[in-house]
Amino acid sequence: MTESRSWPGPWVVEAAEHLAADLLRNSGDRWEHTRTVAARAAEAAEVLPAEQRPALVAAAWLHDIGYAEQVRGTGFHPLDGARYLHQRGWPPVIAGLVAHHSGARFVAAVRGLETELADFADPVYCTGPLADALTWADQTTSPCGRPVDHAARMADMLHRHGPGSANAVAHPLRGPALVAAVTATRRAFLSRRLPASFPVPRPAPAAESSPAPALG
Ligand SMILES: [Fe+2]
């Protein structure tokens, strides 16, 4: 999938919200997580060129649709979500961002899905300010939809998935990549002197509701 890149207009945000609601509205905590990630992405969009902002917010709405029953295929939610979007004609940048959100390539390598994920291999989906901003929004939002420090988010993720999980095996490579993405986006905020309250998340609550969704 090496088509030329084009940026969808603002229409894509409303379309993405509607699709996300159709697929995740009844998923409890996951829907609350999605709503907060989208809201944070809308603020993070300020650090990006204007033409990229709708793509970021739309991808935030859709980043976890791969968990929905109607979307699930391989069981690897970034890939399943991206394939679902590609098959339905969504812009390649949206499917690509969903495929690669939050360091998915590191987990795909552990799960033997590297080749499949490479169908969405444009570098802008994997690294750089746009991909970093989506990772920042996801990795600073708890599974229940609360703003959270990214270190606490990663620790919670490793605890929920367990020591033998693909996430845990991938973590020596994925963890530093997530930190780098979060740090890059935070620095972009600071360099633009955006409100300091935005990039500084509230601490994680002592106990999230249980059971928490297995968000990557
Ligand atoms: Fe997420």
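In case you missed it, the structure is sitting above this.
Note that the structure is a prediction, hence the values are computed from the model and not measured.

## Considering the coordination of the iron ion
Protein coordination at the iron ion: the donors are His33 (NE2), His63 (NE2), Asp64 (OD) and Asp138 (OD), at 2.1 to 2.5 Å from the metal. Considering all 4 donor atoms around the iron ion, angles at the metal cover 82 to 176° and the coordination shape is irregular.

## Examining the packing of helix 6 (residues 104-111) against helix 11 (residues 166-191)
Across the interface, helix 6 lies against helix 11 with an axial gap of 8 Å and an inter-helix angle of 145°. Once helix 6 is placed against helix 11, the crossing between them reads as right-handed. Across from Phe106, Val107, Val110 and Arg111 in helix 6, the residues of helix 11 making contact are Ala166, Asn167, Val169, Ala170, Leu173, Arg174 and Ala177. Within the contact of helix 6 with helix 11, the residues separate by chemical class into 8 nonpolar, 1 polar and 2 charged.

## With respect to the pattern of salt bridges
Evaluated as defined, the whole model comprises 3 salt bridges. The residue aspartate 138 makes a salt bridge to arginine 153 at a minimum N-O spacing of 3.1 Å. Of the two residues, aspartate 138 sits in helix 9 (residues 129-139) while arginine 153 sits in helix 10 (residues 150-161), which places them 15 residues apart along the sequence. Note on aspartate 138: relative accessible area 2%, which makes it buried.

## What to know about the environment of asparagine 26
Following the sequence through the fold, asparagine 26 ends up in the loop between helix 1 (11-24) and helix 2 (29-44). Judged by relative accessible area, asparagine 26 falls into the exposed class, the value being 78%. Measuring from C-alpha to C-alpha, the distance between asparagine 26 and alanine 68 comes to 9.9 Å, with 42 residues separating the pair along the chain.

Rules used in this analysis
- Residues numbered from 1 in each chain as written.
- Predicted model: local features only at pLDDT ≥ 70, side-chain atom pairs only at ≥ 80, totals over all residues.
- Heavy atoms only, no water.
- Donors = N, O, S within 2.8 Å, 3.2 Å for Na, K, Ca; no water.
- Tetrahedral: all angles 85-135°; square planar, octahedral: opposite > 155°, others 65-115°.
- Axes fitted to C-alpha atoms, helices over the stretch in contact; angles between N-to-C directions.
- Helix = DSSP H or I, 4+ residues; strand = E, 2+ residues; numbered from the N terminus.
- Left-handed = near helix turned anticlockwise from the far one by under 90°.
- Contact = heavy atoms within 4.5 Å.
- Nonpolar A, V, L, I, M, F, W, Y, C, P; charged D, E, K, R; others polar.
- Salt bridge = Lys/Arg side-chain N within 4 Å of Asp/Glu carboxyl O.
- Buried < 20%, exposed > 50% of the residue type's maximum accessible area, 1.4 Å probe, protein only.

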